[in-house]
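# Per-entry structural report
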Amino acid sequence: MSVTKPSPIRAGRPFKRPHRLALATLPPRAFAFCHTFGLTVWIAMLEGSGWSLVLPALLLLVWPAVAYAHAALAQDSKRAEFRNLYFDSLLFGVWCGVLEYYFWATMFIGLACLMNNMVVGGVRRMAGSMALFLGGALGWGALTGFEFRPYVSVEVDIYQVAGAVVYFLAIANVMFGQNRKIGRSITEIAYKNRVFHALLDLGVVANRAPDINTLLDDSLMHLRADFPQYGFAVFLQERQRPEVTRYAAVAGLRINDEHGLGRRLAALHDQDAGTIKLSDSMDGEQLYATSMGGRLSMYDGWLVIRAPGLDPALERVLTLFVDQLAAATENKLLHLALKKAAERDGLTGLYNRGYLELALQQSIKGKLQPPGLDFAVLMMDVDGLKEVNDRHGHVVGDQFIAIVAEHLMTHCREGDTLARYGGDEFVILFPSADLSAAERIAALIRTHMEGKRCMLIATQGEQVEVTLRLSLGSASSREAPAQEVLTLADTRMYEDKSRRRKRSVLGQE
Ligand SMILES: Nc1nc2c(ncn2[C@@H]2O[C@H](COP(=O)(O)OP(=O)(O)OP(=O)(O)O)[C@@H](O)[C@H]2O)c(=O)[nH]1
């Protein structure tokens, strides 16, 4: 069982602003009943029926106020007003009976009742209204005995027809007002719909974007598609050095506006006062910047908009966009940082062993399934790292590893997977390639890296020179079963190491 609790507002203020229908009908209803009161008084005077007709007619003056209070006090104000409209029909029906079916009154008042109900509730409601009007009129006749007096005087006819004209014009004016309101509501709903879609789009874009630049570019592209009348830009600046813009995207700004925008935003560093006007431009368009405030943990962020003016509605929308964009950017930054931590080696920034093994599994799968793509690996081991560590310390050993990684990176192509496999071991995986790819890189490494003198800085600050030597071993899936390619490369690398050691002992190097 559901229990409807009275809302705290209603409990404190029972007399609230009624539904717009009740507000709109108040003036024409008051006019119609006052006019009918006037008609009654006139007829009473002409016929000499005096207070016996005028006194009950006072009810007509009271009813519009009662109807308004009824709508204002009701829990469901709209329903109450609908009931009022029905009651109008019943009351007017009775009154036409009281006025002995004076033709123009019965005609116009009945028509007005039918029309009002038709406008708010269609044919069914109009039929209900007609039943009540006729019921009231005929019921009164049945109770008091039917007396017909369809004509009173020309003056009364003129009064009645003029009143009807004013009434129908008033109703037309009410309908015009209501239509205008509906038109505005539709425009507002369409705008809110666009905002809602833009916010949804931002969420979808953020999920799909592989990196921050794509996220910002796509987000602005979507905002621009939803709001082509505005231009947008977003800037993420380093917190400690706001003059350094780490990520930026622009959509729909003029070249002049873009120029020096990063610098102007950097000058606003530490300001989080909602939306700030950046500049006035000659063509009446302005630039506004809204800070992403504390919503980003790593950067200062700004959403810039070019718009003709800033009204409260636009400001509210901007705050929504900024919130959504900041949340999406922060999530992506954290996601990428997490991904990097999981995939990368902390010292060199290369892929780690875990990532390489996943990539290798992919290549093995690719070889085992049609069309059976070949792959190759090159394994490398830095000679003498232990000695470097022992002689100069681990700080120098670390620098040595980092320098080797840097050099290896310069020889790799996009698509090759270079990973630090262990302490001083590196592996390059060449997906969709045969042994020649691995041998080509091995030759490059031999030519450019072997015997290279690396200048490193020891703990005390003195320079240390270390000579770079690498043992290499390569293998491809053409020579061995896919699962054994890495082991074969490893064996060949140790054979190379042994050969080099022997040569070194024999003094050939
Ligand atoms: N500084 C530093 N040393 C490391 C790191 N990881 C492993 N090592 C050291 O690297 C050495 C690797 O062992 P080995 O491969 O036997 O050393 P090596 O002197 O290169 O010997 P060969 O490879 O046989 O020439 C060990 O001394 C490890 O302590 C690291 O991240 N930093």
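Residues numbered from 1 in each chain as written. Predicted model: local features only at pLDDT ≥ 70, side-chain atom pairs only at ≥ 80, totals over all residues. Heavy atoms only, no water.

## Comments concerning the overall build of the protein
Counting secondary structure elements, the protein contains 15 helices and eleven strands. Put simply, the protein has 509 residues, and 44% of those count as buried. Sequence-distant contacts in the protein: of pairs separated by 6 or more residues, those separated by 24 or more amount to 66%. (Helix = DSSP H or I, 4+ residues; strand = E, 2+ residues; numbered from the N terminus. Buried < 20%, exposed > 50% of the residue type's maximum accessible area, 1.4 Å probe, protein only. Contact = heavy atoms within 4.5 Å.)

## Some thoughts on a nonpolar patch on the surface
Together, Trp51, Leu55, Leu58, Leu61, Val62 and Val66 give the surface a local cluster of nonpolar side chains, amounting to about 560 Å² of exposed area. With respect to the element layout, Trp51 can be found in helix H3 (residues 51-73). (Patch = residues over 30% accessible without salt bridge, like charges linked within 9 Å, V, L, I, M, F, W, Y side chains within 5 Å. Areas by Shrake-Rupley, 256 points an atom, 1.4 Å probe, with all protein chains shown as cover. Salt bridge = Lys/Arg side-chain N within 4 Å of Asp/Glu carboxyl O.)

## Topic: the side chain of Thr36
Within the fold, Thr36 resides in helix H2 (residues 20-47). Ignoring sequence-local partners within four residues, the contact set of Thr36 consists of Leu60, Phe92, Trp95 and Ile109.

## Section: the pattern of salt bridges
The tally for this structure, following the rule as stated, stands at 29 salt bridges. Two residues, Glu47 and Arg149, come together in a salt bridge whose shortest N-O distance is 2.3 Å. Of this pair, Glu47 sits in helix H2 while Arg149 sits in the loop between helix H5 (103-144) and helix H6 (154-208), placing them 102 residues apart in sequence. Two residues, Arg149 and Glu100, come together in a salt bridge whose shortest N-O distance is 3.0 Å.

## A few points about the confidence of the model for the protein
For the protein, the average pLDDT comes to 91, and 95% of its residues sit at 70 or higher. Counting contacts from residues 1-11, a segment whose pLDDT is below 50, to residues more than four positions away or on other chains yields four contacts. As scored by the predictor, the complex reaches a pTM of 0.63 and an ipTM of 0.95. (pLDDT = per-residue confidence, 0-100.)

## A short note on the packing of aromatic side chains
On inspection of all chains with the given rule, the structure shows 15 aromatic pairs. Centre to centre, the rings of Tyr101 and Phe148 are 5.0 Å apart; their planes meet at 35°, and the pair counts as tilted. Residue Tyr101 is located in the loop between helix H4 (77-98) and H5, and its partner Phe148 is located in the loop between H5 and H6; the two are separated by 47 residues in the primary sequence. Ring centres of Tyr191 and Phe227 lie 5.9 Å apart, and the angle between their planes is 75°; on these two criteria the pair is classed as edge-to-face. Residue Tyr191 is located in helix H6, and its partner Phe227 is located in the loop between helix H7 (212-226) and strand S1 (231-238); the two are separated by 36 residues in the primary sequence. The exposure class of Phe227 is buried, given its relative accessible area of 1%. Within the aromatic cluster, the residues linked to one another by ring pairs are Tyr191, Phe227, Tyr230, Phe232 and Phe321. Over the ring of Tyr351 we find Arg344; its NZ or CZ atom is 3.9 Å from the centre of that ring. (Phe/Tyr/Trp six-rings, centres within 6.5 Å; stacked < 30°, edge-to-face > 60°. Lys NZ or Arg CZ within 6 Å of the ring centre and 35° of its normal.)

## Focus: the sheet that holds strand S7 (residues 417-420)
One open sheet accounts for four strands, arranged S7-S8-S6-S11; its pairing is antiparallel. Across the chains shown, the open sheet's two edge strands, defined by having one partner strand only, are S7 and strand S11 (470-476). Sheet twist, expressed as the average angle between the axes of neighbouring strands with direction ignored, equals 15°. Here strand S6 (residues 376-382) pairs with S11 via seven bridges, running antiparallel. The residue of S11 that forms the bridge with Met380 is Leu472. Helix H15 (residues 485-505) contacts S6, strand S8 (425-430) and S11 of the sheet and is inclined by roughly 145° relative to S11. (Pairing = 2+ DSSP bridges. Axes fitted to C-alpha atoms, helices over the stretch in contact; angles between N-to-C directions.)

## Considering the packing of H7 against helix H10 (residues 312-343)
In a packed pair of helices, the relevant descriptors are the angle between the two axes and the axis-to-axis distance. Contact geometry of H7 with H10 gives a least axis separation of 10 Å together with a crossing angle of 160°. If you check the angle between H7 and H10, you find them roughly antiparallel. Remark: the crossing between H7 and H10 carries right-handed chirality. For the pair H7 and H10, the contacting residues are Ile212, Leu215, Leu216, Ser219 and Leu223 in the first and Phe321, Leu325, Ala328, Thr329, Lys332, Leu333 and Leu336 in the second. When grouped by side-chain class, the residues that make up the contact of H7 with H10 number nine nonpolar, two polar and one charged. (Parallel < 35°, antiparallel > 145°, perpendicular 65-115°, else oblique. Left-handed = near helix turned anticlockwise from the far one by under 90°. Nonpolar A, V, L, I, M, F, W, Y, C, P; charged D, E, K, R; others polar.)

## Describing a positive patch on the surface
Judged by side-chain charge, Arg17, Arg20, Lys78, Arg180, Lys181 and Arg184 come together as a positively charged surface patch. Looking at the positive patch, the element that brings in the most residues is H6, giving three residues. Here Arg184 shows up in helix H6. (Lys, Arg positive; Asp, Glu negative; His and termini not counted. Charge placed at Lys NZ, Arg CZ, Asp CG, Glu CD.)

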